[in-house]
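Fold and contact review
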Amino acid sequence: MFKSFREDLEVIFDQDPAARSYVEVILTYSGLHAIWMHRIAHFLWRKKFFFISRVISQVSRFFTGIEIHPGATIGNRFFIDHGMGVVIGETCEIGDNVTIFQGVTLGGTGKEKGKRHPTIEDNALIASGAKVLGAITIGKNSKIGAGSVVLQNVPQNSTVVGIPGRVVIQDGKKVKRDLNHRDLPDPVADRFQKLEQEIASLKAQLIKEKVKR
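Residues numbered from 1 in each chain as written. Predicted model: local features only at pLDDT ≥ 70, side-chain atom pairs only at ≥ 80, totals over all residues. Heavy atoms only, no water.

Concerning the sheet that holds strand E12 (residues 143–144)
Spatial ordering of the open sheet is given by E3-E6-E9-E12-E14-E15-E16, a layout of seven strands whose pairing is mixed. Taken across any chain shown, the strands that pair with only one partner, and hence form the sheet edges, are strand E3 (79–81) and strand E16 (173–174). Bridge count for E12 against strand E14 (residues 158–161) is two bridges, and the pairing is parallel. Residue pairing for E14: Lys143 is matched across the bridge by Thr159. (Pairing = 2+ DSSP bridges. Helix = DSSP H or I, 4+ residues; strand = E, 2+ residues; numbered from the N terminus.)

Some remarks on unusual backbone geometry
In this chain, Ile163 is followed by Pro164 through a cis amide linkage whose omega measures -10°. Positionally, Pro164 belongs in the loop between E14 and strand E15 (166–170). Unusually for a residue other than glycine, Arg77 sits at a positive phi of about 55°. Looking at the secondary structure, you find Arg77 in the loop between strand E2 (73–74) and E3. Exposure remark for Arg77: the relative accessible area of 22% places this residue in the partly exposed category. Even without a glycine there, the phi angle at His82 is positive, about 65°. Within the secondary structure, His82 is located in the loop between E3 and strand E4 (87–88). (Buried < 20%, exposed > 50% of the residue type's maximum accessible area, 1.4 Å probe, protein only.)

Some remarks on the packing of aromatic side chains
The description of an aromatic ring pair uses the distance of the two centres, along with the angle that the planes make with each other. In this structure the tally under the stated criterion is four aromatic pairs. Arranged with centres 4.7 Å apart and planes meeting at 50°, the rings of Phe13 and Tyr22 form a pair that is tilted. Relative accessible area serves as the criterion here: at 27%, Phe13 is assigned to the partly exposed category. By relative accessible area, Tyr22 is classed as partly exposed at 48%. Taking the centre distance of 4.7 Å and the plane angle of 65° together, the rings of Trp45 and Phe50 count as edge-to-face. Note on Trp45: relative accessible area 18%, which makes it buried. (Phe/Tyr/Trp six-rings, centres within 6.5 Å; stacked < 30°, edge-to-face > 60°.)

Details of the packing of helix H1 (residues 2–15) against helix H3 (residues 30–46)
One way to put it is that H1 packs onto H3 with a least axis distance of 10 Å and a crossing angle of 165°. Compared by their axis directions, H1 and H3 come out roughly antiparallel. Crossing of H1 against H3: the hand is right-handed. Listed contacts from H3 to Ser4, Phe5, Asp8, Leu9 and Ile12 of H1 are Leu32, Ile35, Trp36, Arg39 and Ile40. Considered class by class, the residues forming the contact of H1 with H3 number seven nonpolar, one polar and two charged. (Axes fitted to C-alpha atoms, helices over the stretch in contact; angles between N-to-C directions. Parallel < 35°, antiparallel > 145°, perpendicular 65-115°, else oblique. Left-handed = near helix turned anticlockwise from the far one by under 90°. Contact = heavy atoms within 4.5 Å. Nonpolar A, V, L, I, M, F, W, Y, C, P; charged D, E, K, R; others polar.)

A word on the domain arrangement of the chain
Assigned domains within the chain: domain 1 (1–182) and domain 2 (183–212). In this structure, domain 1 and domain 2 have C-alpha centres spaced 41 Å apart. (Domains from an automatic or database assignment.)

Details of a nonpolar patch on the surface
Residues Phe49, Phe51, Ile52, Val55, Val59, Phe62 and Phe63 make up a contiguous nonpolar surface patch of about 790 Å² in total accessible area. Considering the arrangement of structural elements, one finds Phe49 in the loop between H3 and helix H4 (50–64). (Patch = residues over 30% accessible without salt bridge, like charges linked within 9 Å, V, L, I, M, F, W, Y side chains within 5 Å. Areas by Shrake-Rupley, 256 points an atom, 1.4 Å probe, with all protein chains shown as cover. Salt bridge = Lys/Arg side-chain N within 4 Å of Asp/Glu carboxyl O.)

Right, here's the structure in full:
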């Protein structure tokens, strides 16, 4: 555990150019506080001290704004940048050298039992506000764009953007899709379009009824 503590501290200096001293990082980085508290809570969780481990996780949530279930398995050199609003579910499995930003949710999609949260493999990066939901796998060296909603497995060495998330780069090659903002999926616009179609259909029916009369 103490080796993991040291590596969690060192990775901050590798990833964050704003980190200037060990004292500053130890005292002011909420992401570091959250992962250290989680490692203690997870150790107790594995020893079946479920209540005290949940208490520790809730205390950590109160002080850091980061919620990590004590059952989640997290590898070495895990870095949470900024961190406010991060949620990590019970059956999450996170590999080594993973970085996530504020507002990220690694959650489930319902009330299913067993494995219901994502697996994040080594060297993945999940940008701010992204939602990765369900028992899916984010492959090694993959990147999830800010605000994306990912509901399906992501291959290794991929970049994903959009709602729902779509692979736009894989193995260093651009996937044949136009990345212009206007062409990204827009569920709100799609819903409005369906409503307009339904209204037009109802108007046509009303006109037919009037003609019959």
